[in-house]
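The residues making up each chain are set out below.
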Amino acid sequence: MEKKRDLSMDLLRICSALFVVLLHTSALYMALKGGSPDSAEWQTANLFNSMTRWTVPVFIMISGAFLLQKEIPVRLLYGKYIKHIVVLLLIWNTCYNVPDIFTPPLLSFKNLITNILIYTDRGIHLWFLYMLAGVYAVSPFLKKIVDGALSKYFLCLWLLGSVLFLGFERSGIAPLETLSDITLQFTTYITIGYAGYFVLGYYLYRQQPLSQPVRRILYALGIAGMCAAAVGTSLLSLHKGEYSAYFHDNHNIATVLTATALFVYFHYRNFSFTPKAERFIKRCSDLTLGIYLVHVLILKILSYILFPLALPAAPVIILTWILTSALSLLFTFTVRKIPGIGFIVK
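Participant: Would you take a moment to explain a positive patch on the surface for this structure?
Facilitator: A grouping of Lys4, Lys276, Arg279, Lys282, Arg283, Lys337 and Lys346 is seen on the molecular surface, where their side chains present a positively charged patch. Examined against the element boundaries, Lys282 turns out to sit in helix 13 (residues 275–285). Lys282 sits in the partly exposed class, given a relative accessible area of 30%.

Laid out in structure tokens, this is it:
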């Protein structure tokens with residue numbers, strides 16, 4: 001008997017895919033059209049950007065919630081999961097780096113290998129695949145940690161090292177940078193990184209249920225984290241006179257709180273769907289990886305058309321987001337139907 005899918009996680013995956021498109025749309029607008037931090041256009045784009053920083057961490061949390069439930073042999077892990085990620089990397093790096101591949105010296109070995117193996121600004125979002133391959137590679141160790149009831153200890157180390165201590169250094173605020181000199185040696189040896197989100201997703205999904213008061217506290221902290229990202233980025237950027245990414249970092253405590261709150265909300269929310277809606281959600285969920293892989297290519301094409309429009313920032317960003325999401329969805333749906341190449345979006 002097939003195990004029933006958790007539609008709440010499918011729905012969360014869909015939301016993450018759509019809002020990561022909004023994240024990159026607003027970030028691109030900030031870079032190309034936003035001007036300086038004291039402009040209304042920049043601040044509008046910053047608001048959209050800050051509201052969507054939870055997307056990639058939530059993707060990782062969903063992966064951890066399900067992968068760490070399985071006992072996957074190392075040979076299968078590399079022969080199936082990591083192999084597929086590497087194949088996607090080679091294909092999509094090539095797609096995004098075509099202009100660089102054919103620059104002089106044409107088709108030189110170094111030029112070819114570099115542009116196939118290394119992502120560039122054209123496909124900067126592909127860093128996610130490198131990270132995912134690395135987290136998958138250490139997942140057997142993470143599995144031992146969660147099975148050995150060490151999840152809380154691991155998450156404490158992660159919050160201390162990868163979130164708080166490293167955050168001091170990245171803040172650009174003098175007192176915190178000084179404090180980072182003290183903590184740097186410690187954090188150098190805590191190489192947890194995105195594996196923390198992987199374990200956090202499993203912990204929140206599979207461990208002892210959270211009481212309603214605890215959940216409400218997490219929701220409040222999540223809202224506070226989103227507000228802190230918007231206000232903090234605005235204030236730091238105004239102070240520096242240029243964009244400050246401190247509060248937009250995936251390991252900033254504000255991002256962690258928002259991602260945690262949204263994951264918990266969807267996990268504990270009792271959604272009710274009709275059979276038709278369930279089928280639709282499952283199909284859309286299966287398209288999310290393809291949407292992520294192709295959307296930057298479509299976004300950059302649309303930005304040349306839509307960003308110059310004589311409209312305020314908000315409608316331009318929203319229109320670009322909607323069209324990019326729709327075209328990415330259509331592309332992924334179509335390619336999945338083509339024999340022989342459908343795997344590039346799965």
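Participant: Would you mind going over the layout of surface pockets with me for this structure?
Facilitator: Think of a ball as big as a water molecule: rolled over the atoms, this probe shows where empty space is left. Of the voids in this model, the largest pocket is the one considered here, and its volume is about 1,300 Å³. The wall of the largest pocket is formed by 31 residues, among which Arg13, Ser63, Phe66, Lys70 and Tyr136 lie closest to the centre. Counting only elements with at least two residues in the lining of the largest pocket, the list comes to helix 1 (7–32), helix 3 (55–67), helix 4 (74–96), helix 7 (127–147) and helix 14 (288–306). For the lining of the largest pocket, the residue count by class is 15 nonpolar, 5 polar and 11 charged. The space that makes up the second largest pocket amounts to roughly 770 Å³. Along the walls of the second largest pocket sit 27 residues, with Leu23, His24, Ala27, Arg53 and Ile124 positioned nearest its centre. Elements that contribute at least two residues to the lining of the second largest pocket include exactly helix 1, helix 2 (40–51), helix 3 and helix 14.

Participant: Explain the packing of aromatic side chains to me, please; I cannot follow it from the model alone.
Facilitator: Geometrically, a pair of aromatic rings is defined through the distance of the ring centres and the angle of the planes. Per the stated rule, a full pass over the model turns up 20 aromatic pairs. Considering the side-chain rings of Tyr136 and Phe198, the 6.1 Å spacing of their centres and the 55° angle between planes classify their relative orientation as tilted. Placement of the pair is Tyr136 in helix 7 and Phe198 in helix 10 (residues 195–206), with a sequence separation of 62 residues. By the ring-pair criterion, three or more aromatic residues cluster together here, those being Phe59, Trp127, Phe128, Trp158, Tyr194, Tyr197 and Tyr292.

Definitions and cut-offs
Residues numbered from 1 in each chain as written. Predicted model: local features only at pLDDT ≥ 70, side-chain atom pairs only at ≥ 80, totals over all residues. Heavy atoms only, no water. Patch = residues over 30% accessible without salt bridge, like charges linked within 9 Å, V, L, I, M, F, W, Y side chains within 5 Å. Areas by Shrake-Rupley, 256 points an atom, 1.4 Å probe, with all protein chains shown as cover. Salt bridge = Lys/Arg side-chain N within 4 Å of Asp/Glu carboxyl O. Lys, Arg positive; Asp, Glu negative; His and termini not counted. Charge placed at Lys NZ, Arg CZ, Asp CG, Glu CD. Helix = DSSP H or I, 4+ residues; strand = E, 2+ residues; numbered from the N terminus. Buried < 20%, exposed > 50% of the residue type's maximum accessible area, 1.4 Å probe, protein only. 1 Å grid on protein atoms, 1.4 Å probe; cavity = no way out; pocket = protein on both sides within 12 Å on 5 of 7 lines; lining within 4 Å. Points joined across faces, edges and corners; volume = space filled by probe spheres on them. Nonpolar A, V, L, I, M, F, W, Y, C, P; charged D, E, K, R; others polar. Phe/Tyr/Trp six-rings, centres within 6.5 Å; stacked < 30°, edge-to-face > 60°.

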